[in-house]
Amino acid sequence: MLVMNRVHVLLKILLFAALLSRALTANAQQGPTASGEPVFRINVQLVQLDVQVLQKKTGRPVGSVKKEDFQLYEDGVQQRIADVSRDQLPLSVVLLFDLTETVQPVLKPLAAGALQALEHLKAEDEVAVMVYSSTAELLQDFTTDRGKVVAAIEKASEMHSGEAAYFNEAIFAASQQLKKATNPRSRRTIIWFTDNVPNIPSAKQHSEKDAFRAVLETGTTVFTLLERSGLSDFFMVSFSKNPVFAPFRMHDPPGDVHKYAERTAGEVMKSSKEEVSVKLAQMIDEIRTRYTIAYYPSARQAAGTFCKIRIEVRLQAEKREGKMTVRAKTGYYR
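Novice: Looking at this structure, I do not really get the layout of surface pockets. What am I missing?
Specialist: Over the atoms rolls a probe the size of a water molecule, and in doing so it shows where empty space is left. When its volume is computed, the largest pocket comes out at roughly 420 Å³. Residue lining of the largest pocket: 25 residues in total, with Gln48, Arg188, Thr218, Gly219 and Lys329 positioned closest to the centre. Put simply, the parts of the chain that give the lining of the largest pocket at least two residues each are strand S1 (47-55), strand S8 (187-194), helix H5 (208-217) and strand S14 (331-333). In terms of residue count, the dominant contributor to the lining of the largest pocket is S1 (four residues).

Shown next, in the form of structure tokens:
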């Protein structure tokens, strides 16, 4: 009799486990309930998007957009937004420095004012420092110690390279570094210091396609402080206008700061050696004005599938705030 009771109890436990498993699996397919209460999910990818909302007329950031004001589409299908936040998640930032002769002079004044600029970050924000020419080098791994970051920038300001600078290789390496960010939910960001004078990559370097895949896989947004000089302009015009280089540019795109900014919803800001530390502080402040939109995709996709993203603001929000422009990355890889 005692044995039969134990078997009966065991059967009840197994039945309860089966029902619980089925319930959890069903919930895994759902978004938040109508009341906004979260549901338990299993094996469902949370997608985070870094989004900037600007007034169409002035270009200034709009800080009063609410969760219900956004409409989000993945591959043309509207998604249920789980959460919208602004300046809540920590940042993981790679400061990426071009070591070519036309850019290197900006590093010394940046090093002098770097500590003050970095004070615009929050205490929990982490920073890594990288330099590049033909290859990329890590000078400082992710840290919240601002003194270590400044020391790495000072070291970069003393470095010289006679090699060509390869943009796609640098962005690929910085994106790979962002995989090592200590917080899995941090906002991944590259702040790139360059003059936007690229070199035609060879088979030894990662391609533009490789680099774009890397930034989209890691959810990285690319910002650029653009330092131009007369020498930069000369090389840029010679390279972009000379028909001799056109076949090479088409076959192996060398990378362009504006293209990276457009596809990752980043920004390009002009600078100079006199104002570079002030511009860095301004850029950090603008990064903080962005929204983070999180959602659980409604459809399952195979690993490695590229999903296209489109984000809009509803008409009632524009009636309240005026016409707005939304910047968001073009998509992401599952």
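And the narrative resumes.
Novice: Help me out: how do you make sense of the packing of helix H4 (residues 167-178) against H5 in this one?
Specialist: Running from N to C, H4 and H5 point in directions that differ by 25°, and their axes come no closer than 8 Å. One way to sum up the angle between H4 and H5 is to call them roughly parallel. Seen along the crossing, H4 lies across H5 with a hand that is left-handed. Contacts from Asn168, Ile171, Phe172, Ser175 and Gln176 of H4 reach H5 at Glu208, Asp210, Ala211, Ala214 and Val215.

Novice: Sorry, what's going on with unusual backbone geometry here?
Specialist: Excluding glycine, most residues fall at negative phi; most peptide bonds, likewise, are trans. Even without being glycine, Asn196 reaches a positive phi, approximately 60°. By secondary structure assignment, the location of Asn196 is in the loop between S8 and H5. A relative accessible area of 2% places Asn196 in the buried class. If you check the backbone angles, Ala265 has positive phi at about 65° while not being a glycine. Note on placement: Ala265 falls in the loop between helix H8 (257-264) and strand S10 (267-271).

What counts and how
Residues numbered from 1 in each chain as written. Predicted model: local features only at pLDDT ≥ 70, side-chain atom pairs only at ≥ 80, totals over all residues. Heavy atoms only, no water. 1 Å grid on protein atoms, 1.4 Å probe; cavity = no way out; pocket = protein on both sides within 12 Å on 5 of 7 lines; lining within 4 Å. Points joined across faces, edges and corners; volume = space filled by probe spheres on them. Helix = DSSP H or I, 4+ residues; strand = E, 2+ residues; numbered from the N terminus. Axes fitted to C-alpha atoms, helices over the stretch in contact; angles between N-to-C directions. Parallel < 35°, antiparallel > 145°, perpendicular 65-115°, else oblique. Left-handed = near helix turned anticlockwise from the far one by under 90°. Contact = heavy atoms within 4.5 Å. Buried < 20%, exposed > 50% of the residue type's maximum accessible area, 1.4 Å probe, protein only.

That is the geometry; function is a separate question.
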